[in-house]
Amino acid sequence: MQLNDQERAIFPLKTVLFPHAEMPLVIFEPRYLEMVSYCLEHNQPFLVAQLISGQEVVKQNQESAISYNLFATEAFIVDFDKTANGSLLIRVKGGSRVVIKDSYINLQQLHVAKACKLIEPVADIPIPHDLTGLADILEKLCELPEVNLQFKSSDFDSCDKVVNQLAQLLPLDLEFKQYLLEEDDCEEKAIALYEQLVREANLAE
């Protein structure tokens, strides 16, 4: 596998990766094991894109037609470990949002972005007073050992970081997650997430 400086490997998943947020992944397909090795060796991110149709996992020597959202996120590998069966356990952190402009499929059946447009970061604000409940929920989640997240105390004042990490952790509807990823207004994101959680809580009663 060889990429030039502008190219990025694409990892289509039935999830969304948010900027600043961390997410664990289990890698076992040969093409993605090679992708991770390449990214580690060259200190290069790959792109996580929401899978729209097709299968995440493809059996060896089989091809699967897939489609994925072209609005994606850079994934930087921050930790990795190898299991006894040869799989990799990695942890990635979201970088910049990008729009994939052109792509191709390489010999390993890996989707590769030839050109991407970087999206401006969301302008962060202190979390609004009436939405601090979002930070409280995230703080409680961070206390759970299975979450395994080191969130700085100062980050709980950041509206964008709180919304992104909370949306990363919670089992929200995938289309709603994609909406939050693409939304450029930090306060609008926070309000939408808060209202969604209130609706879900009311339905659960």
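Everything discussed here concerns the structure shown above.
Computed from a prediction, not measured in an experiment: that's the story for all the values here.

Colleague: Whenever I open this one, the overall build of the protein confuses me. Can you help?
Modeller: Regarding its fold elements, the protein presents 5 helices and 7 strands. Its helices and strands taken in sequence order, the protein reads β-β-α-β-β-β-β-β-α-α-α-α from the N to the C terminus. Taking the principal axes of its C-alpha atoms as reference, the protein extends roughly 50 × 40 × 35 Å. For the protein, buried positions account for 47% of its 205 residues. Restricting to contacts in the protein with at least 6 residues of sequence separation, those with at least 24 account for 66%.

Colleague: How do you make sense of helix H1 (residues 30-42) when you look at a structure like this?
Modeller: Turn by turn, an α-helix covers 3.6 residues, leaving residues three or four places apart pointing in a common direction. Spanning 13 residues, H1 covers 18 Å between terminal C-alpha atoms, matching the ideal 18 Å at 1.5 Å per step. Residues of H1 that are buried: Arg31, Tyr32, Met35, Val36, Tyr38 and Cys39. Taken end-on, H1 shows its buried residues confined to a sector of 160°, consistent with a single buried face. Of the exposed residues in H1, those oriented more than 90 degrees away from the buried face are Pro30 and Glu41.

Colleague: Any chance you could explain a negative patch on the surface here in plain terms?
Modeller: Residues Asp130, Asp185, Glu187, Glu188 and Glu195 make up a contiguous surface patch of negative charge. Relative to the helices and strands, Glu188 resides in helix H5 (residues 186-204).

Colleague: Would you mind showing me how to read unusual backbone geometry here?
Modeller: Excluding glycine, a negative phi dihedral is what most residues carry, and trans is how most peptide bonds are arranged. The phi dihedral of Gln109 falls on the positive side, at around 65°, and the residue is not glycine. Relative to the assigned elements, Gln109 resides in the loop between strand E6 (88-105) and strand E7 (111-118). By relative accessible area, Gln109 is classed as partly exposed at 29%.

Colleague: Honestly, the pairing of strand E5 (residues 71-82) in this entry has me stumped. Any pointers?
Modeller: As a general feature of sheets, a regular strand has side chains that alternate between the two faces. With 3 bridges joining them, strand E3 (residues 46-53) and E5 adopt antiparallel strand pairing. For Phe46, the partnering residue across the bridge sits in E5 and is Ala75. A loop of 5 residues connects E5 with E6, the two strands running antiparallel in sequence, and Gly86 in this loop sits at a positive phi of about 95°.

Colleague: So what exactly am I meant to see when it comes to the nonpolar core here?
Modeller: One recurring pattern in soluble globular proteins is that nonpolar side chains are buried together. Leu134, Leu166, Leu172, Leu180 and Leu193 are the most contacted members of the largest nonpolar core, which totals 32 residues. Contributing elements (two or more residues each) for this core: helix H2 (132-142), helix H3 (159-169), helix H4 (174-182) and H5. Ignoring sequence-local partners within four residues, the contact set of Leu180 consists of Phe18, Ala167, Leu172, Lys189, Ala192 and Leu193.

Colleague: Even after reading the chapter, I still don't get the state of the cysteines, so can you show me in this structure?
Modeller: Two cysteines, two sulfur atoms, one covalent bond between them: this is a disulfide. As enumerated under the stated definition, the model contains 0 disulfides in all. With no disulfide of its own, Cys142 lies closest to Cys159 among cysteine sulfurs, the gap being 16 Å.

Colleague: Hey, could you run me through the pattern of salt bridges in this one?
Modeller: A side chain of one charge can pair with a side chain of the opposite charge if their charged atoms are brought near each other. Considering all chains together, one arrives at 6 salt bridges under this definition. In this structure, Arg91 engages Glu22 in a salt bridge whose closest nitrogen and oxygen atoms are separated by 2.8 Å. Taken as a pair, Arg91 in strand E6 and Glu22 in strand E2 (residues 22-27) lie far apart in primary sequence, 69 residues in all. Judged by its relative accessible area of 13%, Arg91 is buried. Asp184 is the partner of Arg97 in a salt bridge, and the nearest nitrogen-oxygen pair spans 2.7 Å. Here Arg97, found in strand E6, pairs with Asp184, found in the loop between H4 and H5; they are 87 residues apart in sequence, far enough to count as distant. Among the residues examined, Arg97 registers a relative accessible area of 4% and is labelled buried. Overall, the relative accessible area of 48% leaves Asp184 in the partly exposed class.

Colleague: It is not clear to me how the packing of H2 against H3 should be interpreted in this structure. Could you clarify?
Modeller: Any two packed helices are characterised by the angle at which their axes cross and by the distance between the axes. Running from amino to carboxyl end, H2 crosses H3 at an angle of 55°, the nearest separation of the two axes being 10 Å. One way to sum up the angle between H2 and H3 is to call them oblique. By crossing handedness, the relation of H2 to H3 is classed as left-handed. Here Leu134, Ala135, Ile137, Leu138 and Leu141 of H2 lie close against H3, whose contacting residues are Val162, Val163, Gln165, Leu166 and Leu169.

Conventions we followed
- Each chain has its residues counted from 1, following the order in which its sequence is written.
- The predicted origin of the model limits local features to residues at a pLDDT of at least 70 and limits the giving and counting of side-chain atom pairs to 80 or more, whereas totals for whole chains, interfaces and linings rest on all residues.
- Neither water nor hydrogens contribute to the side-chain values; these are computed over all heavy atoms in the structure.
- Here a strand is any run of E in DSSP of at least two residues, a helix any run of H or I of at least four, and the numbering for each starts at the N terminus.
- Each residue is placed in one exposure class: buried if its accessible area under a 1.4 Å probe, protein chains only, is under 20% of its type's maximum, exposed if it is over 50%, and partly exposed if it falls in between.
- Two residues form a contact once any of their heavy atoms are found within 4.5 Å.
- Each helix should span, by expectation, one fewer than its residue count multiplied by 1.5 Å.
- What the arc describes is the spread of directions from the helix axis to the C-beta atoms.
- To count toward a patch, a residue needs a relative accessible area over 30% and no salt bridge; like charges are then connected within 9 Å, while nonpolar side chains (Val, Leu, Ile, Met, Phe, Trp, Tyr) are connected within 5 Å.
- Accessible surface is estimated by sampling points in the Shrake-Rupley manner with a 1.4 Å probe; for residues, cover comes only from the protein chains shown.
- For this document, the term salt bridge refers to a Lys or Arg side-chain nitrogen within 4 Å of an Asp or Glu carboxyl oxygen.
- Working convention for charge: Lys and Arg count positive, Asp and Glu count negative, and His plus the chain ends are omitted.
- Taken as the charge centre is NZ of Lys, CZ of Arg, CG of Asp or CD of Glu, depending on the residue.
- Any two strands with at least two DSSP-identified bridges between them are counted as paired.
- Among the buried residues, those of types Ala, Val, Leu, Ile, Met, Phe, Trp, Tyr and Cys that are joined through side-chain atoms within 4.5 Å form a nonpolar core.
- Note on terminology: disulfide denotes any pair of cysteine sulfur atoms within 2.5 Å.
- Only the stretch in contact is used when fitting a helix axis, every axis being a line fitted to C-alpha atoms; angles between N-to-C directions are given from 0 to 180 degrees.
- An angle below 35 degrees is treated as roughly parallel, one above 145 as roughly antiparallel, one from 65 to 115 as roughly perpendicular, and anything else as oblique.
- Throughout, a crossing is termed right-handed when the near helix is turned clockwise from the far one, and left-handed when it is turned anticlockwise from it by less than a right angle.

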